[in-house]
Each structure stands twice: as C-alpha cells, then as structure tokens.
Amino acid sequence: MAVTKLTSANFEQEVANSTQPVVVDFWASWCGPCQMLSPVLEEVAETVSGVKVMKCNVDEEMPLAAKFGIDSIPALLKFENGTVKARSIGFVPKEQVKAFLMG
C-alpha cells in the first residue's frame with residue numbers, strides 16, 4: 001500500500017474515520033533518522049496489507065503534531081478507530097517497523 005501525506009485537512013477522513021488501522025510517520029526533512037526510516041517504512045508498507053500508512057511533516061503540520069504530543073521524531077503512531085494505540089519513537093530496523101505495522 002502506498003504511503004499518503006497526512007494533513008490537518010484530511011485527518012478526519014484518513015485517520016479518525018478509517019475502518020482500518022492507520023500508522024502515521026511524523027517526520028521532518030532536516031531529520032537524519034527520519035530520512036533513514038522513510039525508505040524502510042515505504043518498503044514495509046508495500047508488503048503489509050490491512051493497515052494504512054501515512055506521513056505527516058511536523059514543520060508543515062505543527063498543530064497536528066502538537067495535538068498528539070510529538071516532541072521527538074521520527075515518531076510512528078498507530079491509530080485504531082481514531083485513537084492512538086501504540087507509539088514508536090526514533091529509527092527502528094525493518095523487522096521492528098513490520099512488527100509495529102502488523103501488531
């Protein structure tokens with residue numbers, strides 16, 4: 001499944017009202033660990049079904065990042081029925097990303 005951009009404008013539709021779990025990658029272009037995690041997340045997202053993967057640029061979407069208490073990036077948040085069910089902070093290897101998405 002392709003990774004989609006998350007914004008304040010599409011949050012309700014894409015995350016809050018989603019019928020499937022959603023993993024959001026909160027990232028920034030200047031963040032080295034974010035740049036390392038991005039291709040890993042995109043690769044894993046292509047192989048995992050049943051979960052939607054989205055990316056949220058914290059510099060462009062500060063209110064959204066603040067709403068979920070993002071104070072360290074990269075941060076992966078897993079939402080189910082619009083509620084945060086799990087968090088992963090910092091770079092993690094491919095197998096941990098896969099386990100996070102599937103777990």
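This section reports on the structure supplied with the text. (Residues numbered from 1 in each chain as written. Predicted model: local features only at pLDDT ≥ 70, side-chain atom pairs only at ≥ 80, totals over all residues. Heavy atoms only, no water.)

### Topic: the overall build of the protein chain
Short version of the rule: Helix numbering and strand numbering both begin at the N terminus, where a helix is a DSSP run of H or I of at least 4 residues and a strand a DSSP run of E of at least 2. What makes two residues a contact is simply this: any of their non-hydrogen atoms within 4.5 Å. Two residue types count as positive, namely Lys and Arg, and two as negative, namely Asp and Glu; His and chain ends fall outside the count. All charge positions are set by atom: Lys at NZ, Arg at CZ, Asp at CG, Glu at CD.
When helices and strands are tallied, the protein chain shows 4 helices and 5 strands. Of the regular secondary structure in the protein chain, the N- to C-terminal order runs β-α-β-α-β-α-β-β-α. Looking at the protein chain alone, contacts between residues at least 24 apart form 72% of all its contacts between residues at least 6 apart. Each charge sign in the protein chain was given a centre, from 9 positive and 12 negative side chains, and these centres are 5 Å apart.

### Examining unusual backbone geometry
Of note, the amide linkage connecting Ile73 to Pro74 takes the cis form, showing an omega dihedral of 0°. If you trace the backbone, Pro74 turns up in the loop between α3 (62-67) and β4 (75-80). Of note in the backbone geometry, Asn81 takes a positive phi value of approximately 55° without being a glycine. Tracing the backbone through its elements, the reader meets Asn81 in the loop between β4 and β5 (83-89).

### Structural notes on the pattern of salt bridges
The condition that has to hold: The rule for a salt bridge is simple: a side-chain nitrogen of Lys or Arg has to be within 4 Å of a carboxyl oxygen of Asp or Glu. Exposure categories follow from relative accessible area, calculated using a 1.4 Å probe and restricted to protein chains: below 20% of the type maximum is buried, above 50% is exposed, and the middle band is partly exposed.
In this structure the tally under the stated criterion is 4 salt bridges. Between Asp25 and Lys55 there is a salt bridge, with its nearest N and O atoms 2.8 Å apart. Here Lys55 lies in strand β3 (residues 52-57) and Asp25 lies in strand β2 (residues 22-27), a separation of 30 residues in the sequence. You can call Lys55 buried: its relative accessible area is 13%. With a closest N to O distance of 2.4 Å, Glu43 and Lys94 form a salt bridge. Taken together, the residues Glu43 in helix α2 (residues 32-47) and Lys94 in helix α4 (residues 94-102) connect sequence positions 51 residues apart. Judged by its relative accessible area of 41%, Glu43 falls in the partly exposed class. By relative accessible area, Lys94 is classed as partly exposed at 39%.

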